[in-house]
Amino acid sequence: MSSQADLMDKVVALAKRRGFIFQSSEIYGGLSGAWDYGPYGVELKRNVKNAWWQSVVHWREDMVGLDAAILMHPKTWEASGHIANFADMMVDCKNPKCSGRFRPDQLKDHKCPKCGGTEFTEPRAFNLMLKTSVGAMEDSSSVVYLRPETAQGIFVNFQNVIDSTHRKLSFGIAQTGKSFRNEITPGNFTFRTREFEQMEIEYFCRPEQALAKYEEWIQSRFSWYIDLGIKKENLKLRVHDKDELAHYAAGCTDVEYNFPFGWSELEGIANRGDYDLKQHAKFSGKDLQYQDPVTLEKFFPHVIEPSGGCDRATLAFMVDAYHEETVNDTLRVVMKFHPRLAPIKVAVLPLLKKNEGIVALAKKIKSELQKDIVCVYDDTAAIGKLYRRQDEVGTVFCVTVDVQSLEDKQVTVRHRDTMQQERIPVENLHRYLKEKLI
Ligand code: GAP
C-alpha cells in the first residue's frame, strides 16, 4: 500500500487520468482554487450528495429540504456578521521578487514558504467574501456577494418553511449548494477551494433540547461517513476549545479525516444558540420567533448546525477507497467505493466484440439493467484491460458475456474487491445485482 506521502499524489493522478477531477480551465493554465468534476467525478459527487440527502431528509420525519439562491440581499451578510467578521489574517512577503501572500499560521519558523524570506508586512484582515454586482449600474447599491455559506439561505426562509409546512419544533432544514470564499491560500487539491459545495443543516429546537440534539447530530453525522465505508481509524471527532468558539456558540465539534496531509475538518457540528434568528429579526424587522401552538408562548428557537463540505467528503471517500495490490506480478489499482457511492455500479463487457450474438446480448443486458442501475457497456479493449479500467473507477461488478452465454443463457459476474467470478442466469441477473448493491 502507498505511504501517506505519495498516496495523495496517486489519488490526484488517478483523478485526472480516469476522469474524476480536472483543473478548472486547464487549457488556459488553470485557475487556482477551482476544479471541474469529470465523467466519473460528477457521478461520485452526486452519489455523495444523494446519500446525504437521503440520510438527513428522506429517512427522517423531522427534516425538510430547501434550495435557496446563491445571490442574497446584502443585508443578509450584515446580519450574519460576515461583512464585519468573515476575514482571515494575511501577511505579504516583503521580498519584491516574491510578494507571496500567506496566513500567518502557514509560516514555519517565520519563513516564507515560497522564497524563504523572513520579512513580512504586519498581519491585516482580509474579507473572504467574493463580491459582484447585479443590474446595469455598477455602483455601491448594486453590490451583492456570492454566498460564503448556504446556511443564511435557510435562516432567512425559516418563517416561510413554518408557514408553508406547519412544522412544529423540533425540526430541521437541509440544503446543498455552491458557496464561494476568496481563500488566501487554496490548496491540497479540492480540500480548500474558492468555489465549493456545502451540505448544511439548520436544526431548530427548544433551548432546553439543544444539548441533547447537538450530541445526537454529532453521532449521526459521524456514523454517516462510517456507514458509507470510511475506515474507522481514519475518522475522529475534535471538540473545539472554548477560545475557538464564536461568542454566541455553546459548542462545536468537527468530524476530521486522516488525509495524507494530516487530520483535517470534513464537517463541523455547532450549537449556535439563538444568535442567527435573532440577528435576522433585528436587521429585517420581521418577527422570526416561533409560537408554540398550544401554549402560544413565543421564543427564538435554538439552532444546531451540522455543516459539511461535499467536495471534502468526496475527496475523503476517494482517498479512503484507493487500494493497490499485486496480482500476477502486476499492480492492480482498485477504488473500493461503497456500492452506493461507486460512480458506475455495473459494466457489461462482451468477451469478443466481433461476435454479433455476444454484442447483441451484452447490449440487451445493459439496456435492461440501466433502468435502475447505473451501468456502462464497453468493448474498447481486451477483457483483462477492461477489468483493470473498471477497477480503477470503482465499478462494483463486471458482467461478461461470452460464447457460452449464447448457449446456457448465463453470464459471468466478477466482483470488484475479491475478483471472484460466478455464473449467473441472465434472467436472475437484475435481481441478483440489485440485492448485492443495496
Ligand atoms: N455555516 C457554517 C460554515 O459554513 P465552515 O466550517 O466555514 O462552516 C463548513 O464550513 C464546511 O464547508 C467545512 O467543514 C468544509 O467541509 C466546507 N468548506 C469550508 N470552506 C471550504 C473551502 N474553502 N473549500 C472546500 N470546502 C470548504
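Look a little higher up for the structure.
Residues numbered from 1 in each chain as written. Predicted model: local features only at pLDDT ≥ 70, side-chain atom pairs only at ≥ 80, totals over all residues. Heavy atoms only, no water.

Please clarify how the sheet that holds strand β16 (residues 302–309) should be interpreted in this entry.
The strands that make up a sheet pair up through hydrogen bonds in the backbone, lying either parallel or antiparallel. In space, the 7 strands of this open sheet follow the order β3-β9-β10-β16-β13-β12-β11, with mixed pairing throughout. The open sheet is flanked by β3 (63–65) and β11 (235–239), the only strands paired with a single partner. Taken pair by pair, the neighbouring strands of this sheet meet at an average axis angle of 25 degrees, ignoring direction. Packed on one face of the sheet, helix α2 (residues 39–58) meets β3, β9 (171–180) and β10 (195–205) and runs near 160 degrees to β9. The strands touched by helix α6 (residues 158–165) are β3, β9 and β10; relative to β9, the strand with the most contacts, the crossing angle is about 135 degrees. (Pairing = 2+ DSSP bridges. Helix = DSSP H or I, 4+ residues; strand = E, 2+ residues; numbered from the N terminus. Axes fitted to C-alpha atoms, helices over the stretch in contact; angles between N-to-C directions. Contact = heavy atoms within 4.5 Å.)

What should I look at first to understand the site of the ligand in this one?
Lining the immediate environment of the ligand, one finds 18 residues, of which E149, R181, E183, E200 and E265 sit closest. The separation between an oxygen atom of the ligand and a polar main-chain atom of L266 is 2.8 Å. Contacts to the ligand include R312, whose side-chain N or O atom sits 3.5 Å from a nitrogen atom. Within the complex, the protein chains bury 88% of what would otherwise be the 550 Å² of accessible surface of the ligand. Sorting the residues of the shell around the ligand by element identifies β10, β13 (262–273) and β16 as the ones contributing at least two each. Counting residues per element, the shell around the ligand draws most heavily on β16, at 4 residues. For the shell around the ligand, a count of residues per class yields 4 nonpolar, 5 polar and 9 charged. (Near = heavy atom within 4 Å. Polar contact = N/O pair within 3.5 Å; in protein donor to acceptor, adjacent residues only side chain to side chain. Areas by Shrake-Rupley, 256 points an atom, 1.4 Å probe, with all protein chains shown as cover. Nonpolar A, V, L, I, M, F, W, Y, C, P; charged D, E, K, R; others polar.)

What am I meant to see in the packing of aromatic side chains here?
Given two aromatic rings, their pairing is described by the distance between the two centres and the angle made by the two planes. Applying the stated criterion across every chain, the model contains 19 aromatic pairs. Clustering of aromatic rings is evident, with ring pairs tying together F155, F158, F171 and F204. In this structure, K236 is placed above the aromatic ring of W263, and the distance from its NZ or CZ to the ring centre is 4.5 Å. For R312, the ring lying beneath its charged end belongs to F191, and the centroid distance is 3.7 Å. (Phe/Tyr/Trp six-rings, centres within 6.5 Å; stacked < 30°, edge-to-face > 60°. Lys NZ or Arg CZ within 6 Å of the ring centre and 35° of its normal.)

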